[in-house]
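Next come the chains, spelled out residue by residue.
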Amino acid sequence: MSPMPDTAPTTLIESAIPATAELAVDRFALQTLCWRDDGGQLRTDPRADRLAGDTSDLDPQALLDYLFFHAIPAPRTVFRGVHRLPAGHSAQWDGGALHVQAPRPPAFAPDHSRSFDAWRDEFRGALKAAVADALHGGEGPAACFLSGGTDSSTVAGMIGVVTGEPAQTYSIGFEAEGYDEMAYARIAAKHFGTRHHEHYVTPDQLVRAIPAVAAWYDQPFGNSSAVPAFICAQVARADGVTRLLAGDGGDELFGGNTRYAKQKVFEAYGAIPGALRNTLLEPLLQGSPLGALPLLRKGRSYLEQARVPLPARLHMYNLLLRLGVDEVLEPDFLAAVDLDDPLRQCQAVWNATGDAGTVNRMLAFDWRYTLAESDIPKVRETTALAGVEVRYPLLDERLVALSLRLPEDMKLRGLKLRWFFKEALRGFLPDAILKKKKQGFGLPFGVWLTRHQPLRALAEDSVRSFATRGVVRPAFVSALFDQHLHQHPGYYGEMVWILMMLEQWLRAHAPRYTFRS
C-alpha cells in the first residue's frame with residue numbers, strides 16, 4: 001500500500017455505542033466520505049483504500065466505470081463492500097444498516113425582474129466576500145493557480161482587491177504547440193501586478209511524477225491534468241506556500257463549458273416541424289447514400305446526435321465506446337459486467353436535476369460528474385500530495401445561490417458562453433482573457449509519447465503489464481502502440497494514459513490483481 005495522508009483517521013462507529021449516526025457530504029464533495037458495514041459496525045473514512053485494508057478484492061463493474069468515466073463515480077468504489085457517499089447526499093445509521101438519502105433537485109428559481117446592474121453588483125460583492133473567506137486564517141502569502149483562463153484570472157485579481165497586495169500566482173506551461181497558454185497567464189499577471197511564477201513541465205518530470213500521483217489516490221483516477229496540477233502545487237510548496245486558491249467551479253455555475261452551447265444547437269432540432277424532419281431531413285441524411293457525401297456528412301452527424309436525448313448524447317464520443325468495447329475488453333471481463341450501467345448512472349443523476357431548463361440541468365449534472373467526480377478530486381488530492389491546502393472561492397455558497405437565481409439566458413446568451421460572468425467583470429479582467437477560448441492545464445502526453453523514449457517506456461511497460469490482468473485485450477494494446485498512437489497521438493494517447501494510470505495504481509494498491517470470472 002502507498003503512504004497515506006496523516007489527516008482524517010478511520011472512525012469506528014460501534015453498532016450499539018452510538019446506536020445511531022448521521023453522515024453527510026457537501027454538494028460538490030469538497031470533502032469525501034467512504035463507508036462500509038462490517039457485520040453491524042459502521043466504519044467511515046475519507047479514503048476507500050483505508051477501509052479496504054490489504055484486500056485486493058476489486059469490483060469489475062468499478063473498473064468498467066473507470067474506463068468509461070476515467071474515474072469511479074460514487075456510490076461505487078473500486079473495492080467490493082466499500083462505498084462512497086455521493087456529493088450532496090446524507091445518510092442515517094440505525095445500528096444495523098445505513099440508509100442513504102438523495103438530495104432534492106437544485107432549487108433553480110430564475111429571477112427575470114432584476115436589472116443587469118443589480119446582478120453585477122451582487123455578483124462582484126459575493127465574489128469579493130468568497131475570496132476574502134478563502135484567504136481567512138491562512139499563513140504566509142496569498143497564492144493561487146493561474147492558468148490564464150477566466151476563473152483563475154478572476155481569483156488572482158480579486159486577491160489583490162481583498163488584501164491590497166498582489167497575489168502570488170503559479171502557472172504551468174508545456175513546450176508543445178497547441179498546448180501552452182502561458183501567454184494568457186502572463187497577460188493576467190501583468191494586468192493585476194501579481195508576483196508571477198512559471199514552470200514548464202518536462203517529459204522527464206512526468207516520468208518521475210506519474211507513479212507517485214497514481215499511487216496517492218485511494219482508487220484509480222485518470223484525469224490527465226492531475227500530474228501538472230501536482231507539479232504546480234509542488235513548485236508553490238517549494239516557495240513556502242501552504243495554501244492555494246483554485247478557480248474551479250466558474251464554468252459549472254455560470255455556463256462556461258463548450259458543450260452547453262453545443263447541446264443548445266442540438267436541442268434546436270426538436271423545433272423543426274416533424275413533417276420536415278420525417279419526410280426530408282432524416283431520409284436524405286440517414287436513409288440515403290447522399291448523407292455520406294462530404295458536404296452532407298456533418299449534417300448526418302448532427303442528426304445522429306440530435307436524435308439522442310440528454311444525457312446519453314453527452315457520451316456519444318466516449319473514448320471506450322468509440323474504440324469499441326469488443327475491441328478493447330476481454331470477453332470474460334465483458335461477460336461479467338453490465339455495459340449499460342454507466343449510462344444508467346448518468347440517467348439517474350440527470351433525472352435528479354429536476355425540471356429547470358436544459359442549461360441549468362446540464363450545470364447541475366456537471367456539479368456531480370465534472371466537479372465532484374473529476375475536477376475537485378484532481379485538485380484536492382494533488383495539492384494534498386504536495387503538502388498544500390486548497391480552497392475554492394468560486395464554489396462559495398453565495399455564488400451558488402446567485403447562480404440558482406440567475407436566468408438561463410444570462411448564463412448562455414445565444415451561443416455565448418458565461419455571458420453574464422464576463423460582462424459583469426468587463427473592465428476588471430483584461431479583454432484578451434475575456435475573449436480567449438477555454439484550455440486549462442492540457443497535457444501533451446500523446447505527443448510526448450512519440451518523442452520521448454523514457455516516457456514511452458514507462459507507458460508501454462505499464463499498459464502491456466495491465467494487458468496481462470485479464471481486463472483488456474493484449475491485441476488491442478499491441479495495436480495501440482504499434483499502429484494507432486503514431487497515427488493520432490493526441491486521441492489514442494488518452495487511452496494510453498487511462499490504462500497506464502490504472503496499472504500504476506494497481507502496482508501500489510493491488511499488485512497481484514487479475515480478473516477472474
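The numbers attached to residues start from 1 for each chain and follow its sequence in the written order. Selection of residues for local features in this predicted model requires a pLDDT of at least 70, selection of side-chain atom pairs for listing and counting requires 80 or more, and totals for whole chains, interfaces and linings are taken over all residues. Side-chain metrics rest on all non-hydrogen atoms present in the structure, leaving aside hydrogens and water.

**Quick look at the confidence of the model for the protein chain**
The condition that has to hold: Every residue carries a pLDDT, the predictor's confidence in it, which falls somewhere between 0 and 100. Pairs of residues are marked as contacts when any of their non-hydrogen atoms sit within 4.5 Å.
For the protein chain, the average pLDDT comes to 91, and 92% of its residues sit at 70 or higher. Under a pLDDT of 50 for its full length, residues 1-17 has, in the predicted model, 42 contacts with residues more than four places off or in other chains.

**Description of the sheet that holds strand 6 (residues 90-93)**
Here is the rule: Strand pairing is assigned whenever DSSP detects at least two bridges linking the two strands. Note on conventions: DSSP H or I runs of at least 4 residues are helices, E runs of at least 2 residues are strands, and numbering of each starts at the N terminus. Lines are fitted to the C-alpha atoms to define the axes, a helix being fitted only along its stretch in contact, and any angle between axes, read from their N-to-C directions, falls within 0 to 180 degrees.
Within the open sheet, the three strands sit side by side as 2-6-7. Their pairing is antiparallel. Both outer strands of the open sheet, strand 2 (21-24) and strand 7 (98-101), are each paired with one neighbouring strand and no more. Direction aside, the axes of adjacent strands within the sheet are offset by 20° on average. Summarising the sheet, strand 6 and strand 7 pair through four bridges and their orientation is antiparallel.

**Section: the packing of helix 22 (residues 453-466) against helix 23 (residues 474-487)**
Operational definition: Under the scheme applied here, ten amino acids are nonpolar (Ala, Val, Leu, Ile, Met, Phe, Trp, Tyr, Cys and Pro), four are charged (Asp, Glu, Lys and Arg), and all others, including Gly, are polar.
One way to put it is that helix 22 packs onto helix 23 with a least axis distance of 9 Å and a crossing angle of 145°. Between helix 22, through Arg 456, Ala 459, Glu 460, Val 463 and Arg 464, and helix 23, the contact on the second element is made entirely by Val 477, Ser 478, Phe 481, Asp 482, Leu 485 and His 486. Residue classes in the contact of helix 22 with helix 23 are distributed as five nonpolar, two polar and four charged.

**A short note on the pairing of strand 6**
Condition: Three exposure classes are used, based on accessible area relative to the maximum for each residue type with a 1.4 Å probe and protein chains only: buried under 20%, partly exposed in between, and exposed over 50%.
Residues Ala 91 and Trp 93 point to one face of strand 6 and are all buried, whereas Ser 90 and Gln 92, pointing to the other face, are not buried. With four bridges connecting them, strand 2 and strand 6 associate as antiparallel partners. Of the residues in strand 6, the one forming a bridge with Leu 23 is Ala 91. What sits between strand 6 and strand 7 in their antiparallel hairpin is a turn of four residues, with Gly 95 showing a positive phi close to 95°.

**Describing helix 22**
How we decide: Multiplying 1.5 Å by the residue count of a helix minus one yields the expected span of that helix. What the arc covers is the set of directions going from the helix axis to the C-beta atoms.
The end-to-end C-alpha distance of helix 22 is 20 Å, a good match for the 20 Å that 14 residues give at a rise of 1.5 Å each. Burial in helix 22 covers these residues: Leu 455, Arg 456, Leu 458, Ala 459, Ser 462, Val 463 and Phe 466. Along the axis of helix 22, the buried positions cluster into a sector of 165°, meaning they face one direction only.

**Looking at the environment of Arg 36**
Condition: For the purposes of these results, a polar contact is taken to be a pair of N or O atoms within 3.5 Å, where, inside protein, one atom must be able to donate a hydrogen and its partner to accept one; residues adjacent in sequence count only when each atom of the pair is a side-chain atom.
Within the fold, Arg 36 resides in strand 3 (residues 34-38). Remark: the alpha-carbon pair of Arg 36 and Ala 52, spanning 16 residues in sequence, is separated by 8.7 Å. With near-sequence residues (within four places) excluded, Arg 36 lies in contact with Gln 41, Leu 42, Arg 43, Leu 51, Ala 52, Gly 81 and Val 82. A polar contact of 2.9 Å, which involves the side chain of Arg 36, links it to the side chain of Asp 38.

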